[in-house]
Amino acid sequence: MRILSVRGTLPEHRYPQSEITEAFASSMLRGSVDRRVVERFHRNAGVATRHTALPLPDYADLSDFGKSNDAFIAAGVQLGAQAVLDALDAAGLTPSDVDLIVSATVTGLAVPSIDARVAAMIGLRPDVVRVPIVGLGCVAGAAGVARLHDYLVGHPDAVAVLLSVELCSLTLQRDDASVPNLVASGLFGDGAAAVVAAGSARAPALLQPGVAQPEVLAAVSHLYPDSERTMGWDVGAGGLKIVLDANVPDLVRHYVGDDVDRFLARHDLTRADLAWFVAHPGGPKVLEALQDALGVERAALQVTWDSLSAVGNLSSASVLHVMADTLAAGPPPGTYGLMLAMGPGFCSELVLLRAPAAGEVEAAA
């Protein structure tokens, strides 16, 4: 398949990390932990600014899971619809062109699902195929691209959309001074993103000269043993309480390098053939572990580091924001890239990409 466009959207409410620290400590923790501890966790997150679904003062009114989830649906549908419309417009398409929509979220519950609500809002066809993905967490951005590829291999005339909506701020727990909640309060942000892709028969007529529209060549999933409690949610009366084990960087170092090597070998490639990376910004320690696992310097993942600083970790939407930034910068023509993310399971997803070669778009047209 060919990726035609990727677009990210962010809520209008944008704050420096220091303001979010103050709001979280005063309105949610309410003195239950030393302020200096909160400040240290937030300072170490590598985040300068974040966007939130609601204005910061409004979080004090979210007294239960129901109110938080209602806010998730209201804001998520608006952001998701905008992301899809922006991505379709960038690809020169309209909602009526979409044959499949895959949606990913892990920060709220909606039945009908977010994709069904977005479909009604923007006018997707009544026969559009919908595939909601719930529970993959941060890995779902990369996994969603892989699932578009799976579908389009069998439907080469089709247009498919991936929509990710993650409003992490609405999951933070009140009066929870646990280390995972403190880490989450400093790391995660809110946002949405959409990818538009087309199958091999449809794509040539939709390619745009001078626009980076990479080909997806292959993908692979990995589910790691004895890691169920590494990352995820505990669902209780207060909503979604984060599960986050400190050994995530160790798992990345242990598994990812070998996984990448085996995946590339199937396609007669090695790490030396990769010119660019689209990596999920899991946090500073995870990114350092990823650099170690891949054997690369920080510069190879600089787009990811910059995204972490600018907007935080947006769960499944983050790697798609990194993809949008990478394509905007323009990967070298004809080069291979690797998209990768990790998430609950504990699991990972790898996607092999290739930037169009010089003259390839004109030849296809």
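Residues numbered from 1 in each chain as written. Predicted model: local features only at pLDDT ≥ 70, side-chain atom pairs only at ≥ 80, totals over all residues. Heavy atoms only, no water.

The annotation that UniProt attaches to the protein chain under Sequence similarities (unreviewed entry) is "Belongs to the thiolase-like superfamily. Chalcone/stilbene synthases family." (UniProt positions renumbered as here; feature names shortened; annotations may be inferred.)

Hey, could you go over the overall build of the protein chain for me, with residue numbers and the actual values?
Summing up its helical and strand segments, the protein chain has 11 helices and 13 strands in all. Against the 2.2 N^0.38 benchmark of 21 Å for 365 residues, the protein chain shows a C-alpha radius of gyration of 20 Å, consistent with a compact globule. Overall size of the protein chain, expressed as C-alpha extent along the three principal axes, is 65 × 45 × 35 Å. Expressed as a percentage of the 365 residues in the protein chain, the buried residues total 58%. Across the protein chain, the fraction of contacts at a sequence separation of at least 24, relative to all contacts at a separation of at least 6, is 80%. (Helix = DSSP H or I, 4+ residues; strand = E, 2+ residues; numbered from the N terminus. Rg over C-alpha atoms; globule rule 2.2 N^0.38 Å. Buried < 20%, exposed > 50% of the residue type's maximum accessible area, 1.4 Å probe, protein only. Contact = heavy atoms within 4.5 Å.)

If you had to explain empty space enclosed by the protein to someone new, which residues and values would you point to?
Taken as a whole and assessed by the stated rule, the structure comprises one cavity of 30 Å³ or more. Empty space within the largest cavity amounts to approximately 140 Å³. Lining the largest cavity are Ile20, Ala23, Phe24, Ser27, Met28, Arg50, Thr52, Leu56, Tyr59, Ser169, Leu172 and Phe188. Elements represented by at least two residues in the lining of the largest cavity include exactly helix 1 (17–29) and strand 3 (49–52). Element by element, the count of residues in the lining of the largest cavity is highest for helix 1, at five residues. When its residues are assigned to classes, the lining of the largest cavity shows eight nonpolar, three polar and one charged. (1 Å grid on protein atoms, 1.4 Å probe; cavity = no way out; pocket = protein on both sides within 12 Å on 5 of 7 lines; lining within 4 Å. Points joined across faces, edges and corners; volume = space filled by probe spheres on them. Nonpolar A, V, L, I, M, F, W, Y, C, P; charged D, E, K, R; others polar.)

Let's hear about the packing of aromatic side chains: which residues, and what values?
By the definition in use, this model includes two aromatic pairs. Ring plane angle 35 degrees and centroid distance 6.2 Å describe the contact between Tyr224 and Phe346, whose orientation is recorded as tilted. Of this pair, Tyr224 sits in the loop between strand 8 (215–223) and strand 9 (231–236) while Phe346 sits in the loop between strand 12 (336–343) and strand 13 (347–354), and the two are 122 residues apart along the sequence. Judged by its relative accessible area of 5%, Tyr224 is buried. Within the aromatic cluster, the residues linked to one another by ring pairs are Tyr224, Tyr255 and Phe346. Directly above the aromatic system of Phe41 lies the positively charged group of Arg40, at a separation of 5.7 Å from the ring centroid. Cation over ring: Arg298 sits above Trp305, and NZ or CZ is 3.9 Å from the ring centre. (Phe/Tyr/Trp six-rings, centres within 6.5 Å; stacked < 30°, edge-to-face > 60°. Lys NZ or Arg CZ within 6 Å of the ring centre and 35° of its normal.)

Hey, could you go over the packing of helix 2 (residues 35–43) against helix 6 (residues 179–187) for me, with residue numbers and the actual values?
Contact geometry of helix 2 with helix 6 gives a least axis separation of 8 Å together with a crossing angle of 55 degrees. When the axes of helix 2 and helix 6 are compared, the pair comes out oblique. For helix 2 against helix 6, the interelement crossing comes out right-handed. Judged by residue contacts, Val37, Val38, Phe41 and His42 of helix 2 engage Val179, Leu182, Val183, Ser185 and Gly186 from helix 6. Per-class residue counts for the contact of helix 2 with helix 6 are six nonpolar, three polar and no charged. (Axes fitted to C-alpha atoms, helices over the stretch in contact; angles between N-to-C directions. Parallel < 35°, antiparallel > 145°, perpendicular 65-115°, else oblique. Left-handed = near helix turned anticlockwise from the far one by under 90°.)

Describe helix 9 (residues 302–311), with residues and values.
When we look at burial in helix 9, the residues that qualify are Thr304, Trp305, Ser307, Leu308 and Val311. Along helix 9, the residues classed as buried sweep out an arc of 165 degrees about the axis, all on the same side. Residues of helix 9 that are buried sit in contact with strand 3, helix 6, strand 11 (274–279), helix 8 (284–294) and helix 10 (318–329). A positive phi of about 80 degrees marks Gly312, the residue just after helix 9. (Arc of directions from axis to C-beta.)

Kindly report on the pairing of strand 12, identifying the contributing residues and their values.
Judged by how many residues are buried, strand 12 sits mostly within the fold: seven of eight residues are covered. As defined by bridge partners, strand 12 adjoins strand 13 across eight bridges and the pair is classed as antiparallel. Considered in strand 13, the bridge of Gly343 is made with Cys347. Linking two consecutive strands that pair antiparallel, namely strand 12 and strand 13, is a turn of three residues; a positive phi of about 150 degrees is found at Gly345 within it. (Pairing = 2+ DSSP bridges.)

Can you break down the UniProt feature "domain: Chalcone/stilbene synthase C-terminal" (unreviewed entry) in the protein chain residue by residue, with the values?
The sites that UniProt annotates as "domain: Chalcone/stilbene synthase C-terminal" (unreviewed entry) are residues 216–354. End C-alpha to end C-alpha, residues 216–354 measures 7 Å, and it is 37% helix and 30% strand.

So what's going on with the nonpolar core? Which residues, and what values?
Core analysis: the biggest nonpolar cluster contains 46 residues, and Val252, Val256, Phe277, Leu290, Leu294, Leu338 and Leu340 have the highest contact counts within it. The greatest single-element share of this core, amounting to eight residues, is contributed by helix 7 (residues 248–265). Apart from the residues within four sequence positions on either side, Leu338 is in contact with Val260, Phe263, Leu274, Trp276, Phe277, Val278, Leu350, Val351 and Leu352. Ranked by size, the runner-up nonpolar core spans 40 residues in total, among them Leu62, Ala87, Ile114 and Ala192. (Core = buried A, V, L, I, M, F, W, Y, C linked by side-chain atoms within 4.5 Å.)

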